[in-house]
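# Observations on the three-dimensional arrangement
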Amino acid sequence: MTTKNFKMMEATIENLKKKLDGFSPDLLDALSKIFDKVETQVQSNISQFHLDEVSYRIQFHNENPNTKLDFFENMSELELVCA
């Protein structure tokens, strides 16, 4: 995880904490029960090897922006497809 992503995640967590402070105890209890039932592990038909390979290539491209991704011309194209 990059420093930028980590900072964004921390900011999101802080924002959620502030919002949760205003919730009633009953609502917090209900949310807690919902989150307990949510499956936290994402099920995928894509092997971990392939996920890691794509992640590595994207990370390499982010660190070397003048390179081309072999499966997309650039990050903007990838973001459009994934959006």
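A short tour of the structure in this document, coming up. (Residues numbered from 1 in each chain as written. Predicted model: local features only at pLDDT ≥ 70, side-chain atom pairs only at ≥ 80, totals over all residues. Heavy atoms only, no water.)

### With respect to the overall build of the protein
When its secondary structure is counted, the protein shows four helices and zero strands. Secondary structure elements in the protein, listed N-terminal to C-terminal, are α-α-α-α. Scored against the burial criterion, the 83 residues of the protein give a buried share of 6%. Working note: accessible area of the protein is about 7,700 Å², and carbon and sulfur atoms make up 57% of it. (Helix = DSSP H or I, 4+ residues; strand = E, 2+ residues; numbered from the N terminus. Buried < 20%, exposed > 50% of the residue type's maximum accessible area, 1.4 Å probe, protein only. Areas by Shrake-Rupley, 256 points an atom, 1.4 Å probe, with all protein chains shown as cover.)

### Focus: the packing of aromatic side chains
This structure, assessed with the given rule, holds one aromatic pair. Relative to Phe-60, the ring of Tyr-56 has its centre 6.5 Å away and its plane inclined at 35 degrees; by these criteria the two rings are tilted. Here Phe-60 and Tyr-56 lie together in helix α3 (residues 48-63), a separation of four residues that amounts to about one turn. (Phe/Tyr/Trp six-rings, centres within 6.5 Å; stacked < 30°, edge-to-face > 60°.)

### Things to note about a nonpolar patch on the surface
Where nonpolar side chains cluster on the molecular surface, the patch consists of Leu-20, Phe-23, Leu-27 and Leu-28 and spans about 300 Å² of accessible area. Judged by relative accessible area, which is 34%, Leu-28 ranks as partly exposed. (Patch = residues over 30% accessible without salt bridge, like charges linked within 9 Å, V, L, I, M, F, W, Y side chains within 5 Å. Salt bridge = Lys/Arg side-chain N within 4 Å of Asp/Glu carboxyl O.)

### Here's the deal with the pattern of salt bridges
Within the structure shown, the criterion is met by three salt bridges. Two residues, Asp-29 and Lys-33, come together in a salt bridge whose shortest N-O distance is 3.3 Å. With Asp-29 and Lys-33 both in helix α2 (residues 25-37) and four residues apart, this pair spans about one turn of that helix. We note a salt bridge from Arg-57 to Glu-53, for which the minimum N-O separation is 2.9 Å. Of this pair, Arg-57 and Glu-53 both sit in helix α3, separated by four residues, roughly a single helical turn. By relative accessible area, which is 29% here, Arg-57 ends up partly exposed.

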